[in-house]
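# Understanding the architecture of this molecule
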Amino acid sequence: MGVLPPRGSVSDRLAAAAATALVGRADERARLAELLRPDGPAAVFVHGPGGIGKTFLVESTLAALPLHAVHLDGRHTEPTVPGALAALGTALGGPTPPSVAAAVDAIAGAGVDVLAIDAFERLNLLDGWIRNDLAAALPAGVTVLLVGRRGPNVAWRTAPGWRPLLAELAIGPLPPGDVGDLLAARGVVGEDAARIRRFARGHPLAAVVAAEALARRPGLPLGSGAPAEVVEELFAVLLDDLGPEERATVEAAAVLRRVTLPLLAAVVDGQDAQEAWRTLRSLPFTTVTRTGLEFAGVAATVLLEALELRDPVRVRALRARAARTILAGLASAPDWEGTADLLHLVQNPLVRNAYAPPGLLQHPAEQARAEDHDAVIAIAGRFEGPESARLAERWWRARRDAFAVVRGADGGVAAFSATAVLGAHQGELEQDPVVAAAVAHLRREPMPPGADAIVFRWALGRRAGERSSPEVGTLVVDLKRTYLQMRATLRRVYSVVADWTAAAPVLRVMGFDVVGEVAVGNRRLVLACLDLGAGGVDGWIGRHVLAEQATPSSGSPQGRARPSVLTLTAREQEVLALLADGMTNVQLADTLFISERTANRHVSNIFTKLGVHNRTQAARAAVAAGLVG
């Protein structure tokens with residue numbers, strides 16, 4: 001027997017498929033249940049590629065256990081401490097806890113056994129806070145369950161005391177019997193089921209999309225290949241089966257983080273937004289959430305990747321139209337979801353990585369600990385002289401909480417930064433000439449009432465000081481956590497560099513301008529200022545999106561100012577970083593869950609945009625941009 005005719009609505013079939021997906025994977029569910037015992041590990045990572053079934057596995061396992069679990073979704077949680085506390089309050093059914101201590105008390109008082117955080121990679125900016133502040137303070141019987149596309153990074157493995165308290169469960173392909181059960185629930189049996197099992201190679205999303213493709217096109221020939229190639233081919237089949245307007249709707253929606261009616265109206269050309277919504281809702285790889293309609297698993301990534309390779313001009317136009325609509329909505333009703341929508345559109349890694357970090361990031365920034373003192377002062381003295389070290393010591397005594405660090409594989413300080421809010425009375429910090437100069441500039445050019453300014457005082461790595469490097473880049477990305485946390489009031493950011501010529505290409509793209517020089521000991525530093533403008537942080541992110549879509553020619557002033565690496569798409573930057581680490585195209589495809597054909601096209605586009613002719617030259621460009629060490 002082959003594919004049975006579809007019954008009921010697509011939503012009905014999706015619900016049936018979801019229910020079926022909650023069975024199977026008996027070995028993984030048993031292993032996870034064992035790890036969630038009260039005397040088990042303090043933190044458990046469940047990780048695997050998109051669409052492999054991590055969330056279903058966790059939900060089905062927790063549903064079968066006598067445990068009280070509280071769930072957070074990283075995709076809808078603001079990656080700031082206040083945002084995480086608010087999400088915890090909502091999940092617990094109470095008010096927002098005012099502090100970590102209050103959150104821990106609320107978790108303990110509610111009798112929580114498991115704190116599950118899905119899409120954990122989205123909370124990269126909170127990695128250190130979750131590990132060192134929240135998880136470390138929880139009652140011994142509470143397990144933190146971290147679900148995402150990657151396992152524990154080096155910071156988790158090297159943080160004092162954590163290694164023996166960690167466990168991980170890698171989710172791989174479904175066993176053939178489980179794939180058969182999944183297909184049977186969708187009405188696929190017999191020879192067609194056997195064909196799909198061979199075709200999908202244990203990838204649930206590939207199996208589900210193949211079943212849908214066969215329901216639409218009985219007898220469709222199925223090829224073979226790696227799971228990523230399978231998924232790409234299947235989405236191409238489904239798109240080919242749509243009419244021109246429906247296909248255009250799906251491709252346009254793939255540019256968005258989530259689909260709402262206003263955003264859909266902005267990106268579809270001359271189509272009725274309600275009809276476009278119905279088209280998307282009928283697809284087998286979309287779901288409706290509390291914030292809009294979303295593509296499931298890797299669907300959006302696959303669809304956008306194909307469109308971006310085929311028609312980059314259209315993608316730029318779609319991003320610009322979406323950004324204008326989002327900015328208009330934020331102007332009247334600011335909220336985190338709108339800010340996250342903008343961050344999804346921006347391609348500059350120093351902005352985008354605050355929300356969508358690279359998949360292999362191993363060393364997120366975290367707040368400095370007391371034992372980091374000597375390393376921090378030594379780095380300041382080595383690269384900026386004894387006076388800078390003396391000032392760093394003063395800062396440490398007055399505001400240790402201002403310091404963030406990135407750790408190396410040995411757990412030591414690989415880089416540090418210091419950030420503080422500027423106010424009328426800086427106390428001991430105003431004895432720092434850099435702080436004094438920034439305060440003086442604020443007095444000369446006052447901000448609107450109620451606006452805030454911050455100073456990003458140091459960002460130094462132990463290998464190369466302020467020069468571009470992955471660890472310094474991570475600190476610059478971490479600064480965006482402050483931007484997001486203060487986005488309602490933040491207006492200006494002051495930063496200081498010794499080599500303006502080297503730093504200017506990136507800082508000018510970010511919006512910084514020189515406001516003067518500052519003498520620190522026998523060194524003269526350049527003080528630069530970013531004025532976010534009347535739209536604040538949201539307006540600044542939106543301007544980045546619109547500027548990236550303008551695609552200035554290389555001979556124009558804007559083209560000359562923008563470093564070539566910043567002309568790459570977010571996916572191309574990720575490919576470049578992995579290429580520079582020595583990966584072959586086959587390894588790139590496997591790591592990013594794309595076909596080798598798609599990896600080849602990305603590498604070709606990177607060479608063209610960077611003006612290089614081989615992988616060695618491309619790797620040098622990645623090192624110069626700080627994407628890799």
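Because the structure is predicted, anything quoted here is derived from the model rather than measured.

### Here we look at the overall build of the chain
- When its secondary structure is counted, the chain shows 28 helices and 14 strands.
- Evaluated residue by residue, the chain yields a buried proportion of 55% over its 629 residues.
- Relative to all contacts within the chain whose residues are 6 or more apart in sequence, the contacts with residues 24 or more apart total 71%.

### Concerning the sheet that holds strand 2 (residues 69-73)
- Taking strand neighbours across the sheet as the criterion, the five strands line up as 2-3-4-1-5 in an open arrangement whose pairing is parallel. Two strands close off the open sheet at either side, each with one partner strand: strand 2 and strand 5 (166-170). Recorded for the sheet is a direction-independent mean angle of 15 degrees between the axes of neighbouring strands.
- Judged from the five bridges that link them, strand 1 (residues 43-47) and strand 4 (residues 143-148) form a sheet pairing that is parallel. When the bridges of strand 4 are listed, A43 appears paired with V144.
- This element, helix 2 (residues 26-35), spans strand 1, strand 4 and strand 5 of the sheet and lies at about 170 degrees to strand 5.
- Across the face of the sheet, helix 4 (residues 81-92) comes into contact with strand 2 and strand 3 (114-118) while running at roughly 140 degrees to strand 2.

### With respect to the pairing of strand 9 (residues 403-407)
- Extensive coverage of strand 9 is indicated by the burial of five of its five residues.
- Because side chains alternate across strand 9, one face comprises the buried residues F403, V405 and R407, and the other comprises A404 and V406, equally buried.
- Sheet analysis places strand 9 next to strand 10 (residues 413-422), joined by five bridges and oriented antiparallel. Along strand 10, the bridge assignment pairs R407 with V413.
- Connecting the antiparallel pair strand 9 and strand 10 is a turn made up of five residues, with G411 showing a positive phi of about 85 degrees.

### Looking at the packing of aromatic side chains
- A complete count under the given rule lists 10 aromatic pairs for this structure.
- When the ring of F45 is compared with that of W156, the centres are 5.3 Å apart and the planes differ by 85 degrees; the resulting orientation is edge-to-face. Placement of the pair is F45 in strand 1 and W156 in helix 7 (residues 154-158), with a sequence separation of 111 residues.
- Their ring planes at 55 degrees and their centres at 5.1 Å tell us that W396 and F403 sit as a pair that is tilted. The pair W396 / F403 is uniform in exposure class, with both members buried.
- Here a set of aromatic residues connected by ring pairs shows up, and it is made of W395, W396, F403, F416 and W458.
- Sitting over the face of the ring of W156, R131 holds its NZ or CZ atom 5.4 Å from the ring centroid.
- Sitting above the plane of the W458 ring, R457 keeps its charged end 4.1 Å from the centroid.

### Describing the side chain of R571
- Following the sequence through the fold, R571 ends up in helix 25 (residues 570-580).
- A relative accessible area of 16% means that R571 is categorised as buried.
- One polar contact links R571 to E305, side chain to side chain, over a distance of 2.8 Å.
- Once residues within four sequence positions are removed from consideration, R571 is found in contact with T301, E305, L592, I594 and H602.

### Remarks on the side chain of R394
- In this fold, R394 is placed in helix 19 (residues 373-399).
- Judged by its relative accessible area of 15%, R394 falls in the buried class.
- Those residues within four positions of R394 in sequence are excluded, and the remaining contacts are E428 and Q431.

### Observations regarding helix 16 (residues 312-332)
- Between the first and last C-alpha of helix 16 there are 31 Å, a value that for 21 residues agrees with the 30 Å anticipated at 1.5 Å per step.
- Looking only at helix 16, the buried set comprises V315, L318, R319, A320, A322, A323, I326 and L330.
- In this fold, the buried residues of helix 16 make contact with helix 12 (244-253), helix 13 (261-267), helix 15 (299-310), helix 17 (336-345) and helix 23 (536-549).

### Considerations on the confidence of the model for the chain
- Residues with a pLDDT of 70 or more make up 90% of the chain, whose mean pLDDT is 85.
- Here residues 1-22 is a poorly scored stretch, pLDDT under 50, and it has 36 contacts once near neighbours within four places are set aside; other chains count.
- Ignoring residues within four places in sequence, the model shows residues 553-560, a span with pLDDT below 50, making six contacts including any to other chains.

### Examining the nonpolar core
- Core analysis: the biggest nonpolar cluster contains 78 residues, and L280, F295 and Y483 have the highest contact counts within it.
- Every residue in contact with L280, bar those within four places of it in the chain, is listed here: T249, V250, A253, V259, L264, T286, L293 and F295.
- Core analysis: the next-biggest nonpolar cluster, separate from the first, contains 35 residues, A380, A418, V439 and V496 among them.

Criteria and thresholds
- Residue indices begin from 1 for each chain and proceed along its sequence in written order.
- Owing to the predicted nature of the model, reporting of local features is limited to residues with pLDDT of at least 70; listing and counting of side-chain atom pairs is limited to 80 or more, with chain, interface and lining totals taken over all residues.
- Think of the side-chain values as coming from all heavy atoms in the structure, minus any hydrogens and water.
- A run of H or I in DSSP becomes a helix once it reaches four residues, and a run of E becomes a strand once it reaches two; helices and strands are each numbered from the N terminus.
- Only protein chains enter the accessibility calculation, which uses a 1.4 Å probe; a residue is then buried when its area is under 20% of its type maximum, exposed when over 50%, and partly exposed in between.
- Contacts are assigned to residue pairs with any non-hydrogen atoms lying within 4.5 Å of each other.
- Two strands qualify as a pair provided DSSP detects at least 2 bridges between them.
- Fitting a line to C-alpha atoms yields each axis, with helices limited to the stretch in contact; the angle taken between N-to-C directions then spans 0 to 180 degrees.
- Pairing of aromatic rings covers Phe, Tyr and Trp, the last counted by its six-membered ring, and requires centre-to-centre distances within 6.5 Å; plane angles under 30 degrees mean stacked, over 60 mean edge-to-face, and any other angle means tilted.
- Here, a charge over a ring means that NZ of Lys or CZ of Arg falls within 6 Å of the ring centre while also lying within 35 degrees of the ring normal.
- Polar contacts, as used here, are pairs of N or O atoms within 3.5 Å; protein pairs need one atom able to donate a hydrogen and one able to accept it. Residues neighboring in sequence count only if both atoms are side-chain atoms.
- One less than the residue count of a helix, multiplied by 1.5 Å, gives the span that helix is expected to have.
- The quantity known as pLDDT measures the predictor's confidence residue by residue, on a range of 0 to 100.
- Remark: nonpolar core denotes a set of buried residues (Ala, Val, Leu, Ile, Met, Phe, Trp, Tyr, Cys) joined through side-chain atoms within 4.5 Å.

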